[in-house]
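Each chain is listed here by its residues.
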Amino acid sequence: MGNPVNMTNHKPKQSADSSAGAIIEETPLIAGNHTFSSITEKISGVIEGPTPKMWWVLFSFSVSLLLILVGSVGFLIWEGTGIWGLNSPVGWGWAIVNFVFWVGIGHAGTLISAVLHLFRQKWRTSINRFAEAMTIFAVICALLFPTIHVGRIWVLYWFFPIPNQMSMWPNFRSPLLWDVFAVSIYFTVSLLFWYVGLVPDIATLRDRAKTRGKKIIYGILSLGWRGANRHWRHYELGYLILAGLSTPLVLSVHSVVSTDFATSIIPGWHTTIFPPYFVAGAIFSGFAMVMTLAIIARKAFGMEEFITVNHLEKMAKIIMVTGLMVGYAYSIEFFIAWYSGNDYERFTFINRALGPYAWAYWIMVSCNVIIPQFFWSKKLRTNVTVLFILSIFVNIGMWFERFVIITSSLSRDYLPSSWDYYSPSIWDIATFVGSFGLFFTLFLLFLRFLPMISMAEVKGVLPQADPHHPMYQKSGEAHENK
Amino acid sequence: MKTNELTYGVLAEFSNPADLMHGAEKMRDEGFKHFDCHSPFPIHGMDQAMGIKRSVLGYIVFVFGLIGAVCGFALQAWVHTKAYPLTFAGKPYFSWQAFIIVTFGLMVLAGAFAAVLGLFHLSKLPKFFDGLFYSKRFGKFSDDGFFISVDSKDLKFHDEETSRFLESIGGTNIEVIRGE
C-alpha cells in the first residue's frame, strides 16, 4: 500500500525538477551554507591534517588481510589450483564467483561518474570521486582472480596479441578472451577518467602545500593546471567524451562477463537474458557498495554536509530499481525454463530452488529481492543506519547470486553420474577474505592521500557558482552604474 | 625593476563568477586576444564571454577512435585468416561477428587515450612553469579566487594601460607579473 502513496508524493517534486526556474528552490545539494573556500578547507583538511588513530587501526587490519591474500596467492602459484575446492564437474568455483562479484561492484563507480554525468545529475558530484576510486580498486581485485585461476601465471602473456617464439596468437572468438580485453580496457579507461577528474583538485593541494616534497609531487601530478578557461573548455569536453565512451563500455563489460557463461551449453547458463540481467545486478551490487563506503566515510570524516541523506536516498532508489530488475530476471529465468520445454533447463531451475544449493538460492532471493522492497518506505530509505545494514545485505546477496549461478549449474548438469557437490577449501576462503584486504588497503590509502570528494565539481554545483544566479543581478547592475 | 626581469603579464582579481564573466566580456569587446580567466571550477558561458570557439577535441577523439577500431578489427581478421588460422566449432576463419567486441573495446581504449592526451595537449599541459606562478595571490584560483590574466604577448598589452583597464572593469589587486 505504501507504493502508490509514495509515488504520488513524488510527482510534484519531479515535475518541479524539470522546470528550470524551480531548480533553485530545491533542497540544496550541499548542506550547511558552504562557501568555495570552506569546501577547500574541509576536503583538503582531511589530507593535510594528522592521520587519525582510527585510520591506523583500519589500515593495520586491512594490511593483515592483504597479507593473507599474498600468502594464499603465493601458495596457489607454488602448489597449483588443486589447493582450491574445485572438482569435476565444478571447475569454476569461488575464484570466478569473486571475479564476477568484484567486477560488478566496480560498475557503480562508472555509472555514477559517466552515466549520471551524461544525464546531468548534479548530485553525483559529492560521491563520484570515491565511487570511481572504488571502481578502480574493485577491478584490481577482480583482475586478480582470473589471473591466478589460470594456474600457470608465468604464461599469462598468451592472453595478449604479442608476437612470440611459438608464432601463436590468442583466439579472438572466445568470450574468455573478450573478457581479458573488456576488463583490462575498463580498468585503463576508469583510471584515465579518475585521473582527469583529479587534476584540478591536485592543483588545489599543490597551491596549499607547505613542504617542498608535497609541492613537487602534487606539482608534477597536477601538470601545471592553472584553472584557465582555455584549459576548462577542453577539459569539460574531454570529460564529457570520456563519459560518453565509458557509458557503452561499462554496459559492455558485464555483458561480456555474462557471455563467459551464456555462450556455453550448461543449463542455467545458456540464456540470452544474461547480459542485461548481469548489468542490472552489477549496478545493484555496486550501488550497495558505494552506499556502504559512503556511509562509513561521511561518518568517519564528518562529510555529512556533502554526502547528505538526500544523496543516500537517491542511491537507495537506484538500488531499489535495479533490485526489481534483478528480481524480474530471476522470475523470467524460471518462466523461460518452463516455457522452453527443455527438461534439463527445467531441472536446473527446480534444482536451484530446491536442490543441494537451495540454502544459497534463498539467501540470494532474500537479500536481492526482498530486502530492497524496504526502500519503498521513505522513512526507511532516509534512515542512515537502516541503509547501512540493508546495503550490506545486498552485497552479500549479490555474492550469492554469482555463487548460485556458477556452482548450482555446474554441479548438476546433464549426466547424473558426473554430479558432485562443491564446497570451498580454506584457501578459497582465505583468498576471498584477502581480496577485501587488498580493496580496503587501497581505499584507505586513497582516503588519506587524495581528496575523497571532488572539490572543483562540488564548488561548481553551489548556487553562487552560477554567474546568472539572481543573487548576482544586483551586483551586476551596481557594476554598470559605476 | 631589475634588468634581467621579464614582464609576463598582468593579473587582476574579481570577486565572483558573475563579475569575472562581465570582465571577460569587456576584455573581448576591447579587443584583447591573449587573456584568460582563471576559476576554481568551469563557468558555463565563459567561452562566449571570452569570444573563443568550441574545443576541437571531439574530432581528434573521433579520428583516434576510428583508428583503434580499424586496427583492432584488422588485427583479429589477420590473426584468424593469415597468421594462425584454426577452426573453432566449424566456423569460418573470417567470422567478423565475433571480432566486434574486441574491436569496440580497442575503439574505446584509443578514444579514451586520445581524449585525455588530447585535452592536455590542447591545453598546453603539462607546463610545470608559468609566469603566473610568480604571483603570490594566484594560488587562490584553486580555492576561491577568480582572476583575469593578460599575457604580455598580446598586441594591445602595455603594463600600465592594461592594469588601468582591468581596474576600470572591476578588477582588484592588480599585479604586473615580473620574473626572471
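Just above, that's the structure.
Predicted, not measured: the structure shown is a model, and the values here were computed from it. (Residues numbered from 1 in each chain as written. Chains lettered and ligands numbered in written order. Predicted model: local features only at pLDDT ≥ 70, side-chain atom pairs only at ≥ 80, totals over all residues. Heavy atoms only, no water.)

## Focus: the layout of surface pockets
What counts is decided by this rule: For each structure, a 1 Å grid was placed over the protein atoms alone; sets of points admitting a 1.4 Å probe that cannot get out are labelled cavities, open sets with protein on both sides within 12 Å along at least five of seven lines are labelled pockets, and lining residues have an atom within 4 Å of a point. Grid points are joined across faces, edges and corners, and a volume is the space filled by probe spheres set on the points. Secondary structure elements follow DSSP: runs of H or I of four or more residues count as helices, runs of E of two or more count as strands, with numbering from the N terminus. Note that Gly is not counted as nonpolar here; it falls among the polar residues with everything else outside the nonpolar set of Ala, Val, Leu, Ile, Met, Phe, Trp, Tyr, Cys and Pro and the charged set of Asp, Glu, Lys and Arg.
Estimated volume of the second largest pocket: approximately 800 Å³. Forming the walls of the second largest pocket are 32 residues, and the residues nearest its centre are Arg230 of chain A together with His34, Asp36, Asp151 and Lys153 of chain B. For the lining of the second largest pocket, the secondary structure elements donating two or more residues are helix H8 (229–262) of chain A together with strand E1 (6–14), strand E2 (35–38) and strand E3 (146–151) of chain B. Take the lining of the second largest pocket: its biggest share by element is four residues, from H8 of chain A. Across the lining of the second largest pocket, the residue classes tally to 11 nonpolar, 10 polar and 11 charged.

## Concerning the interface of chain B and chain A
Applicable threshold: Pairs of residues are marked as contacts when any of their non-hydrogen atoms sit within 4.5 Å. Summed over both partners, the accessible surface that disappears when two parts come together, traced with a 1.4 Å probe, is what is meant by buried area. A pairing counts as a salt bridge when a side-chain nitrogen of Lys or Arg comes within 4 Å of a carboxyl oxygen of Asp or Glu. Two N or O atoms form a polar contact when they lie within 3.5 Å of each other; inside protein one atom must be a possible hydrogen donor and the other a possible acceptor, and for residues adjacent in sequence the pair counts only when both atoms belong to side chains.
Counting from both sides, the interface comprises 75 residues of chain B and, opposite them, 60 residues of chain A. Carbon and sulfur atoms supply 70% of the area that chain B and chain A bury against each other, a total of about 5900 Å² over both sides. Counting the contacts that link chain B with chain A gives two salt bridges. Between Asp36 of chain B and Arg230 of chain A there is a salt bridge, with the nearest N and O atoms lying 3.8 Å from each other. In this structure, the connection of chain B to chain A is made through 23 residue pairs in polar contact (both at pLDDT 80 or more). Contributions of two or more residues to the side of chain B that touches chain A are made by helix H1 (17–30), E2, helix H2 (46–50), helix H3 (57–83) and helix H4 (96–122) of chain B. At 17 residues, the largest contribution of residues to the side of chain B that touches chain A is made by H4 of chain B. Taken together, the residues of the side of chain B that touches chain A break down into 47 nonpolar, 16 polar and 12 charged.

## Points about the pattern of salt bridges
Residue and element names in this part refer to chain A. As a reminder, the rule being used: The buried label applies to any residue whose accessible area, calculated with a 1.4 Å probe on protein chains only, is under 20% of its type's maximum; exposed applies above 50%, and partly exposed to all values in between.
Per the counting criterion, the structure on display carries 16 salt bridges over all chains. Taking the shortest distance from any N to any O, the salt bridge between Arg352 and Glu333 comes out at 3.6 Å. Linking Arg352 in helix H11 (residues 343–354) with Glu333 in helix H10 (residues 309–340), this pair joins segments that are 19 residues apart in sequence. For the pair Arg352 and Glu333, one class covers both residues: buried.

## A word on the packing of aromatic side chains
Two measures describe an aromatic ring pair: the distance that separates the ring centres and the angle between the ring planes. Formally: Each Phe, Tyr or Trp ring, with Trp reduced to its six-membered ring, pairs with another whose centre is within 6.5 Å; inter-plane angles below 30 degrees give stacked pairs, above 60 give edge-to-face pairs, and intermediate values give tilted ones. Whether a charge sits over a ring comes down to the Lys NZ or Arg CZ being within 6 Å of the ring centre and within 35 degrees of the ring normal.
Taken as a whole and assessed by the stated rule, the structure comprises 66 aromatic pairs over all chains. Considering the side-chain rings of Trp399 of chain A and Phe400 of chain A, the 5.3 Å spacing of their centres and the 85 degrees angle between planes classify their relative orientation as edge-to-face. Both residues of the pair, Trp399 of chain A and Phe400 of chain A, count as buried. If you follow Arg230 of chain A out to its NZ or CZ, it ends over the ring of Phe35 of chain B, 5.9 Å from the centre.

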